[in-house]
Amino acid sequence: MYGESIYNMINIHRNYFQAHPFHLVSPSPWPLYTSISLLCLTTSAVLSFHTFSNAEYILTLSFISLVLSMTFWFRDIIAEGTYIGNHTLAVQRGLNMGVALFIVSEALFFVAIFWTFFHSALSPTVELGAMWPPMGIEAIDPFELPLANTIILLASGFTVTYSHHYLINGNRKRSLDGLVYTVILAIIFTGLQGVEYSVSTFTISDGAFGSCFYFGTGLIQRAPFKFSTKNTNNLTIFKPKLYSYSSILQGYWVTGFSDAESTFSIIIVKDKSMFLGIRLIFVFSIKLEIRYIKELKKIKKFFNVGSLVIRKRKGKYIGIYSVQSLKDLTQVIIPHFNKYPLLTQKAADFLLFKQAVKLFNNKAHLTVEGLNQLVSIKASMDKGLSGILKLEFSSYIPVERPVIKNPIIKSPLWLVGFIEGRGCFFSKITKDRQVNLVFSMSQHFRESNLFNVIKNYLACGVIEKAYTRPNTVNLIIYKLEDIKKTMSLLELNPLITQKHLNFNSFKLIVSLMSNKFNRKRF
């Protein structure tokens, strides 16, 4: 009663010097501070997305500044509405209308997202492969985590309404109980949503499906935390329906497959916003045909970093797994290949790549000398500099390329991973209707030394150079007994990509030939 009388007295006195019921806010610094904090927050967020050095620290400081500005602003609003009594009925109606309009704008925002989703689902375009979900994307089952989260969300709406009604009736204890239940449900909801993001096999960059999903559920690409196991280098990647064994992807397998299929590259592009108008992009990538999209997803899940996209090149769809974040390259990719070394000449590219990343992290690119040093490193990697870059950096001197000598196969899993990428099982029928089996591996001729090491490791095979492709070297196994020896290795360490289907057919033919089946005429 005392507070109500004070409130009425303040409004009575207001009528003597103010001809309207509205509150004119006194000069306040918080709108300006909040605007500056928001500007710094969005700018630093974009810079951190593009891996600018120290941008994440500015992002953290901007977020803290925003929270402080909002706290002080809310404090003043609460004081105006309680102790000072500036929130008249007209002001309260205006605040209620503002909240209602905000809710309407949020509803329209989600209507736009769902409209986009349903438009793409009901009429998939050619760019989406004329199918929904697009090829290579495994949608989340709506009757699993999404259903549980929906129930929790509705329950939290009930508990907060429960709290609101008891607050109106003056029952403070039950009102607080309702708020506590609401907060607990919110924490559970956020945790389950994080789990949902972690187990999903697509990202926000995976076309219309990924962008609509993440915009509609949280506006983030992946969960803010990782679920780790005791052995982070082991991951079940493929379990055929017709066989009982479980295939395990391990560190050496990933390295062997990377030796066969991956690339380390430094991309130089012009960007006026960068020092000297040059931007450097560091990329580790694996490109495969679309039929190997599941294997790429499992490799992405093994590293737990990077992105996977589908592109159409020369009329064919391909999957591209890539890691471009300097943080991920420094903390995940480079340590992996330090622990499980590459054996092909690609190891030289990796050593140069690692050196360039280290220079970039030390901000060497912010000086002319450092930038020229990075360009010289790129000139010694893979295909070197393009014609345009050679004109742009005419005074560059390529650094000495590391020489990879005497590679040692430390685990058969490396060889299995390499066979997954470069091995081939095939049979051919001669003119006299005899069946010949061939197991082969091919690679650039600079890997001749490594192929000799593989030959000695298998204790069989012949190294040949194809006349049709003079730049390649082949390790070929013709003899049936030698093929059986290689098959025993692959039976102890099974293939885990779709190539195991070819191997099973190949193994069946070997079994038939062992029983002299090939001597029969067709």
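### Some points on the overall build of the protein chain
And then number 1: Broken down by element type, the protein chain carries 17 helices and 10 strands.
And then number 2: When the 522 residues of the protein chain are sorted by exposure, 38% land in the buried category.
And then number 3: Residue pairs in contact within the protein chain that sit at least 24 positions apart in sequence constitute 62% of those at least 6 positions apart.
And then number 4: In the form shown here, the protein chain has an accessible surface area of approximately 31400 Å², with 64% of it arising from carbon and sulfur atoms.

### What to know about the pattern of salt bridges
And then number 1: Tallying each qualifying case throughout the model produces 7 salt bridges.
And then number 2: In this structure, Asp349 and Arg401 form a salt bridge, with 2.7 Å as the shortest nitrogen-oxygen distance. Remark: Arg401 occurs in the loop between α13 (387–392) and α14 (412–422) and Asp349 occurs in helix α11 (residues 346–361); sequence separation between them is 52 residues.
And then number 3: A residue is classified by how much of its surface remains accessible, and Asp349, at 4% relative accessible area, is buried.
And then number 4: Judged by its relative accessible area of 26%, Arg401 is partly exposed.

### What about the environment of Tyr252?
And then number 1: Note on placement: Tyr252 falls in helix α8 (residues 251–261).
And then number 2: Judged by relative accessible area, which is 22%, Tyr252 ranks as partly exposed.
And then number 3: Sequence separation between Tyr252 and Ser411 is 159 residues, and the spatial gap between their C-alpha atoms is 6.8 Å.
And then number 4: Among residues more than four places away in sequence, those in contact with Tyr252 are Tyr340, Lys410, Ser411, Leu413 and Trp414.

### Comments concerning the sheet that holds strand β6 (residues 316–323)
As a general point, the strands of a sheet are linked pairwise by backbone hydrogen bonds and lie either parallel or antiparallel.
And then number 1: The strand order across the open sheet formed by 4 strands is β3-β4-β6-β5, and the pairing between neighbours is antiparallel. The outermost strands of the open sheet, each flanked by one partner alone, are β3 (262–270) and β5 (307–313). When the angles between neighbouring strand axes are averaged without regard to direction, this sheet yields 40°.
And then number 2: As paired elements, β3 and strand β4 (residues 278–289) share 9 bridges and run antiparallel to each other. Note that in β4 the partner of Ile268 across the bridge is Leu280.

### Things to note about the pairing of strand β10 (residues 472–477)
And then number 1: Counting buried residues in β10 gives 6 out of 6 residues, a clear majority hidden from the surface.
And then number 2: Sheet topology places strand β8 (residues 435–444) next to β10; 6 bridges connect them, and they run antiparallel. Pairing of Ser440 across the sheet is with Ile476, part of β10.
And then number 3: In this structure, strand β9 (residues 462–464) lies alongside β10, joined through 3 bridges in antiparallel fashion. Across the sheet, residue Glu464 finds its bridge partner in β10, namely Asn474.

What counts and how
- Residue positions are given per chain, counted from 1 along the sequence in the order it is written.
- Local features in a predicted model are, by the rule used here, given only for residues with pLDDT of at least 70; side-chain atom pairs are given and counted only at 80 or more, and totals for whole chains, interfaces and linings are based on all residues.
- Side-chain figures throughout are based on the complete set of non-hydrogen atoms in the structure, without hydrogens or water.
- A helix here means a DSSP run of H or I that spans at least four residues, while a strand means a run of E at least two residues long, and both kinds are numbered starting from the N terminus.
- Throughout, exposure labels follow a simple rule: accessible area from a 1.4 Å probe, protein chains only, divided by the maximum for the residue type, with under 20% read as buried, over 50% as exposed, and the rest as partly exposed.
- Note on contacts: a residue pair is in contact if any heavy atoms of the two residues lie within 4.5 Å.
- All accessibility values rest on the Shrake-Rupley procedure with a 1.4 Å probe; residue burial counts only the protein chains present in the view.
- A side-chain nitrogen of Lys or Arg and a carboxyl oxygen of Asp or Glu constitute a salt bridge if their distance falls within 4 Å.
- Two strands pair if DSSP finds at least two bridges between them.
- Every axis corresponds to a line fitted to the C-alpha atoms, with the helix fit spanning only the stretch in contact, and the corresponding angles, defined between N-to-C directions, vary from 0 to 180 degrees.

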